Amino acid sequence: MKNTLPTLLLLFLCLTVDAQKIDTVFLDENSTELISIEGANKYKVKHYDKRGKRLLKEELYSKANVLLQEINYKKDKKDGHYYYKSLQNGTETIGTFSKGVKAGTWYTNNLSGFNLYYDEFDDSGNEIGRFSKKDVPGYADTLKGVEVKIQSSPRYPGGPPAWGNFLLNNLKYPKEAQQHGEEAIVIIRFLVNKDGSLEDFEVINQETPATLQKAALDVVRKSNRWVPATINGHPIDSTMDIRIVFRL
C-alpha cells in the first residue's frame, strides 16, 4: 500500500464534503496563488456546489488559522453574511450583502468587539450615512480612560511549520478509512486555557466519517499545551477551531 500522509496546510485540497466541493489554495503577501505552503502567509478555502461550478463561499485565513475574511455567494453574487478582519488596523467589519450590494447595517469594531462606527445602506446598496455613538450627548465622557485591547490568537508552539511537523509525526490515517476511500476535512473546536492546557474538544462537522473524527480528536488531544491567546499581554481562555485534513 502506498504511503499516505494526511496533511494540514501542506497540499492543495480538492475534495467533496457534505455535497460541496472544497478547494484550498495558498497565497503570498500579494495574494498571488502558490503551489505549496513555502512562502505562503495565508490561505483561502473556496466552497463550491457539488458540481464544482458555482462558488458558494470563500474564507481567507492567516497561516496561524485566524479567519480574516468570509464572503458568501448566491447565483455568483455576494449574498449573505460578510466578515473582514484587519490585523494591521486592529478592526473587524461585519455586514450583509444582498444580490451583490451592501445592505442594512455594517459594523466596524475593534478586535475586542467594541463598536467604532456603523454604516447604513439602502436596498440599492447606496450608503445612507456613517454613524457613531460618539454623536450621542455625553457618550464621549464614557470613553475616558478606556484602553484599546490588543489580542493575539492561541497557537501551537513554533507556529504552523511546527504544527505541520507534529501532524506528520503523530496523525494516523485509520486503515479502515483508507480501505473505504474516506477523505475529509475534520474541524475540531477546543478550549485553550490561559495556562496553555486544552479541554472541551468537539467535532464541528459531524457529517464527516466517524473514524476520521476520532483520529482528528486523538491527535489534537495529543498536542498537549499551546501558547494561549492574550489581551494586552495577559493570557486568557479562548476557543480554537482547527482543520485536520485527511487525503489519500
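The rules we used
Residues numbered from 1 in each chain as written. Predicted model: local features only at pLDDT ≥ 70, side-chain atom pairs only at ≥ 80, totals over all residues. Heavy atoms only, no water. Core = buried A, V, L, I, M, F, W, Y, C linked by side-chain atoms within 4.5 Å. Buried < 20%, exposed > 50% of the residue type's maximum accessible area, 1.4 Å probe, protein only. Helix = DSSP H or I, 4+ residues; strand = E, 2+ residues; numbered from the N terminus. Contact = heavy atoms within 4.5 Å. Pairing = 2+ DSSP bridges. Axes fitted to C-alpha atoms, helices over the stretch in contact; angles between N-to-C directions. Phe/Tyr/Trp six-rings, centres within 6.5 Å; stacked < 30°, edge-to-face > 60°. Lys NZ or Arg CZ within 6 Å of the ring centre and 35° of its normal.

Draft legend 1. Broad picture of the nonpolar core. Of all hydrophobic cores here, the largest spans 25 residues; its most connected members are Ile188, Phe190, Trp226, Ile244 and Phe246. Of all the secondary-structure elements, those providing two or more residues to this core are α1 (159–170), β13 (184–192), β14 (198–203), α3 (210–222) and β17 (238–246). Per element, the largest residue contribution to this core is six residues, and it comes from α3. Filtering out sequence-adjacent residues up to four positions away, Trp226 remains in contact with Pro154, Arg155, Tyr156, Pro157, Trp163, Phe190, Val192, Gly196, Leu198, Met240 and Ile242. Grouped together as the second largest cluster of nonpolar side chains are nine residues, Phe26, Leu34, Ala40 and Tyr43 included.

Draft legend 2. Main features of the sheet that holds β17. The strand order across the open sheet built from three strands is β14-β13-β17, with neighbouring strands paired in antiparallel fashion. One side of each edge strand has no neighbouring strand; the edge strands of this open sheet are β14 and β17. Averaged over all pairs of adjacent strands, the angle between strand axes in this sheet comes to 25°, irrespective of strand direction. Running at roughly 35° to β13, α3 makes contact with β13, β14 and β17 of the sheet.

Draft legend 3. Spotlight on the packing of aromatic side chains. With the rule as written, the count across this model stands at 14 aromatic pairs. Here Phe190 and Phe201 contribute two aromatic rings whose centre-to-centre distance is 5.9 Å and whose plane-to-plane angle is 25°, an arrangement assigned as stacked. One end of the pair, Phe190, is in strand β13; the other, Phe201, is in strand β14, with eleven residues separating them in the sequence. Classification of Phe190 by relative accessible area gives buried; the value is 1%. Where Phe190 meets Trp226, the ring centres are 5.3 Å apart and the plane angle is 70°; that geometry is what we call edge-to-face. In this pair, Phe190 is assigned in strand β13 and Trp226 in the loop between α3 and β15 (229–231), connecting sequence segments 36 residues apart. In this structure an aromatic cluster arises from ring pairing among Tyr156, Trp163, Phe166, Phe190, Phe201 and Trp226. Sitting over the ring of Trp106, Lys102 keeps its end group 4.7 Å from the ring centre.

Treat this as a map of the structure, not an account of what it does.
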